[in-house]
Amino acid sequence: MALLEILKFPDPRLREVSQPIQEFNSDLEKNAKDMLETMYKAHGIGLAAPQVGLLKRLLVIDTRSQDEKGRRYQYDEMTSLEIEIQQPLIICNPEIVDRRGKITFDEGCLSVPSFYETVERSEFIELKYFDLKGKEQSLKVDGLLSICIQHEIDHLEGTLFIDRLSFIKSNKIKNQIKKNGYSKRENESEDQDSSPRKKDRI
Ligand code: CO
């Protein structure tokens, strides 16, 4: 396994539309394993392939909570639908086939580190996708896992959560990053990482 570099806004590769996976082979398995390792190392709960420069419709996700020592456990604050779904999830060629309700959440992103803003998403989704073996799967979920899947699918279309804010707020953040980068704020966020209530980065 290998750690991959996570691209950050305004890297133009984050704006590309990713291509459907057609071959379910050992290269794809390796991509998924490397992405999971990279996501866990960065304390993320989801990662899309374009975030590591691979323009494939591939996502890895693990929204299970962590205890104070950073160990993952399964049943804290998860909805009954989330608990039923085995994680980590590796999702190829996802397609949302049904969505209901609205939910807001303070989202962050490994490609926009240290920024958190409230984004509205669908509360419940039904997803069709393919697993690593190329077998068609489906799931129905709400809660954080639903939010995370929607955030990651946005990455496959070249969309970031900061595009989903008001025009003024979105431009303010983008200009701030283009002008100052992330260095100062990232140090601040590392301090937050040591606290048990750190926010999720997807
Ligand atoms: Co993200």
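Right above here is the structure, for reference.
Computed from a predicted structure; not experimentally measured.

(A) Region of interest: the side chain of Asp-11. Inspection of the secondary structure assignment puts Asp-11 in the segment before helix H1 (26-41). Look at Asp-11 and you get buried, because its relative accessible area is 16%. Only 2.8 Å separates the side chain of Asp-11 from the backbone nitrogen of Arg-13, close enough to count as a polar contact.

(B) Molecular detail of the nonpolar core. Leu-89, Ile-91, Leu-139 and Ile-149 are the most contacted members of the largest nonpolar core, which totals 18 residues. Elements supplying a minimum of two residues to this core: strand E2 (58-61), strand E5 (89-107), strand E6 (117-130), strand E7 (136-141) and helix H3 (143-156). If you tally residues by element for this core, the top one is H3, at six residues. Leaving out residues up to four positions away in the same chain, Leu-89 has contacts with Leu-59, Val-60, Ile-61, Tyr-129, Leu-139 and Leu-145. In this structure, Leu-36, Leu-58, Cys-92 and Leu-132 belong to the second largest nonpolar core, which totals 16 residues.

(C) Quick look at the pattern of salt bridges. Applying the stated criterion across every chain yields a total of 12 salt bridges. Taking the shortest distance from any N to any O, the salt bridge between Glu-107 and Arg-121 comes out at 2.8 Å. Taken together, the residues span a long stretch of sequence, with Glu-107 in strand E5 and Arg-121 in strand E6 at a distance of 14 residues. Three or more residues joined by partner-sharing salt bridges are found here, namely Glu-107, Arg-121, Asp-154 and Arg-164.

Parameters at a glance
Residues numbered from 1 in each chain as written. Predicted model: local features only at pLDDT ≥ 70, side-chain atom pairs only at ≥ 80, totals over all residues. Heavy atoms only, no water. Helix = DSSP H or I, 4+ residues; strand = E, 2+ residues; numbered from the N terminus. Buried < 20%, exposed > 50% of the residue type's maximum accessible area, 1.4 Å probe, protein only. Polar contact = N/O pair within 3.5 Å; in protein donor to acceptor, adjacent residues only side chain to side chain. Core = buried A, V, L, I, M, F, W, Y, C linked by side-chain atoms within 4.5 Å. Contact = heavy atoms within 4.5 Å. Salt bridge = Lys/Arg side-chain N within 4 Å of Asp/Glu carboxyl O.

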